[in-house]
Amino acid sequence: MEELLTLDDAERLAQAVLPADAWGYIAGGAGDERTLRWNREAFSRYRLRPRVLVDVSTVVTETTVLGTPVSMPVLVAPMAYQAIAHEDHELAMARGSAAAGTLLCLSTVATATPSAVAAAAPGAPKWLQIYVFRDREVSDEVISEAIGAGFSALVLTADLPVVGVRDRELRAEFDVPETDVPAFAAARSRGSDESEALSMFDAGLEWAYVTELREQWGVPVIVKGLVTGEDAELACEHGAAGVVVSNHGGRQLDGAVASLDALPEVVEAVAGRAEVYLDGGVRRGSDVVLALALGARAVFVGRPAFYGLAFGGERGVGQVLEILRDETENALALLGCRSPAEVTRTHATGPFA
């Protein structure tokens, strides 16, 4: 397998091996893909402010998320349908994430069950992302299995009440691999007759569900998919332990603000009451430390990990994550920081036009 130098290499190799329909799903965004582009471009609107003559002979990338130790402030985002990329699907993603020493967030609509993922990477930290089915028992069964298998937090995706306009997916004729998704199979077995699988999700969720989740399951709840201070405030009021600043990778509302641009507003609104994570556009270790400087505890990466899975399975995922870890260590040293904990708002300036 070809060794990678950058995450762009991973994207190139993945596109070369993936069928056109799978590539359209993984790489595409909503509408004219403005928000998809802005997520990446936003990192060019800020500048790092490195400090010099700091002893960086020893630099560590380790940190914690909700008290869980991880090897770096880079987590693996929830991604659906991983069997379209590799025959070992989420099991390889879990093993690659575990080998890199970081946390995996598993999608509700994964092509492997939570218990199978836990068995593939025993002892590795894992969170479960939640899509809420209109038949709540379907969601509850997935959650119960995950918590029983050692998943330690729930990540409620809040920005998909309906599916965005995804033209690239439609042009590529991507079909949801419904029969490969245990949660969809469970919903069908319970009588769901929706013609579109994603129409099984509940479009009527409100903030009270955050409190309900926390009280019902007794684990931390993180709200993913907000980009405003107003929603960050509501998340805190309803007991969220964390928030993920995210626009769903540019796959939902085209024209929505870039995740990085929304990060400072959300951090200010949270005011230390919950951990804040960034999702969207991260491709370099310097991106990671910029997000830390703007107030994130850690970042999620989605597409790059998917690319690694596509061309190299478990090893490809590990390569992508190790590149990010090495680049993050390098960026920390050049910034004059010996650990993620030393990165502060003084280490960044902007935004600039």
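Looking only at helices and strands, the protein chain has 13 helices and 12 strands in total. Computed over the C-alpha atoms, the radius of gyration of the protein chain is 19 Å, within 12% of the 20 Å expected from 2.2 N^0.38 for a compact globule of 353 residues. Along the longest, intermediate and shortest principal axes, the C-alpha atoms of the protein chain span 65 × 50 × 40 Å. Split by element, the accessible area of the protein chain, about 14,200 Å² in all, is 50% carbon and sulfur.

Let us look at the pattern of salt bridges. Scanning the model with the defined rule gives 21 salt bridges in all. Residues E212 and R136 are paired through a salt bridge, measuring 3.9 Å at the closest nitrogen-oxygen approach. Of this pair, E212 sits in helix α9 (residues 208-217) while R136 sits in helix α6 (residues 136-148), and the two are 76 residues apart along the sequence. Accessibility expressed as a relative area gives 37% for E212, which makes it partly exposed. Among the residues examined, R136 registers a relative accessible area of 28% and is labelled partly exposed. The salt bridge involving E329 is made with R325; its shortest N-O contact spans 3.0 Å. Taken as a pair, E329 and R325 lie in helix α13 (residues 303-335) at a separation of 4 residues, close to a single helical turn. Given a relative accessible area of 29%, E329 falls into the partly exposed group.

Judged by how many residues are buried, strand β6 (residues 126-130) sits mostly within the fold: 5 of 5 residues are covered. Here β6 shows two buried faces, one formed by K126, L128 and I130 and the other by W127 and Q129. In this structure, strand β5 (residues 104-106) lies alongside β6, joined through 3 bridges in parallel fashion. Looking at β6, one finds that C105 is bridged to W127. Sheet analysis places β6 next to strand β7 (residues 154-157), joined by 3 bridges and oriented parallel. Following the sheet pairing, I130 is matched in β7 by L156.

Now for the environment of L198. In this fold, L198 is placed in the loop between α8 (182-189) and α9. Each C-alpha atom of the pair L198 and V176 lies 8.7 Å from the other, and the pair is 22 residues apart in sequence. Those residues within four positions of L198 in sequence are excluded, and the remaining contacts are Y81, V163 and F184.

Taken N-terminus to C-terminus, the directions of helix α1 (residues 7-17) and α13 make an angle of 175 degrees; their axes are 10 Å apart at the nearest point. When the axis of α1 is compared with that of α13, the two are roughly antiparallel. Here α1 contributes L7, A10, E11, L13, A14 and V17 to the contact with α13, which in turn contributes P304, Y307, A310, F311, V320, I323 and L324. Tallied by class, residues from the contact of α1 with α13 come to 12 nonpolar, no polar and 1 charged.

Turning our eyes to something else, we now look at the side chain of E33. As for its position among the elements, E33 is in the loop between α2 (20-27) and α3 (34-41). A distance of 2.8 Å separates the side chain of E33 from the backbone nitrogen of G29, its partner in a polar contact. Only 2.9 Å separates the side chain of E33 from the side chain of R168, close enough to count as a polar contact. Residues within four places of E33 in sequence aside, it is in contact with G28, R168 and D254.

Each pocket or cavity is described by its volume, and for the second largest pocket that value is around 620 Å³. Surrounding the second largest pocket, 30 residues form its lining, A158, D159, L160, P161 and G225 being those nearest its centre. Secondary structure elements with two or more residues in the lining of the second largest pocket: β7 and β8 (221-226). With 3 residues, the single largest contributor to the lining of the second largest pocket is β8. Of the residues contributing to the lining of the second largest pocket, the split by class is 18 nonpolar, 8 polar and 4 charged.

Here is what the cut-offs are and how they apply
- Residues numbered from 1 in each chain as written.
- Predicted model: local features only at pLDDT ≥ 70, side-chain atom pairs only at ≥ 80, totals over all residues.
- Heavy atoms only, no water.
- Helix = DSSP H or I, 4+ residues; strand = E, 2+ residues; numbered from the N terminus.
- Rg over C-alpha atoms; globule rule 2.2 N^0.38 Å.
- Areas by Shrake-Rupley, 256 points an atom, 1.4 Å probe, with all protein chains shown as cover.
- Salt bridge = Lys/Arg side-chain N within 4 Å of Asp/Glu carboxyl O.
- Buried < 20%, exposed > 50% of the residue type's maximum accessible area, 1.4 Å probe, protein only.
- Pairing = 2+ DSSP bridges.
- Contact = heavy atoms within 4.5 Å.
- Axes fitted to C-alpha atoms, helices over the stretch in contact; angles between N-to-C directions.
- Parallel < 35°, antiparallel > 145°, perpendicular 65-115°, else oblique.
- Nonpolar A, V, L, I, M, F, W, Y, C, P; charged D, E, K, R; others polar.
- Polar contact = N/O pair within 3.5 Å; in protein donor to acceptor, adjacent residues only side chain to side chain.
- 1 Å grid on protein atoms, 1.4 Å probe; cavity = no way out; pocket = protein on both sides within 12 Å on 5 of 7 lines; lining within 4 Å.
- Points joined across faces, edges and corners; volume = space filled by probe spheres on them.

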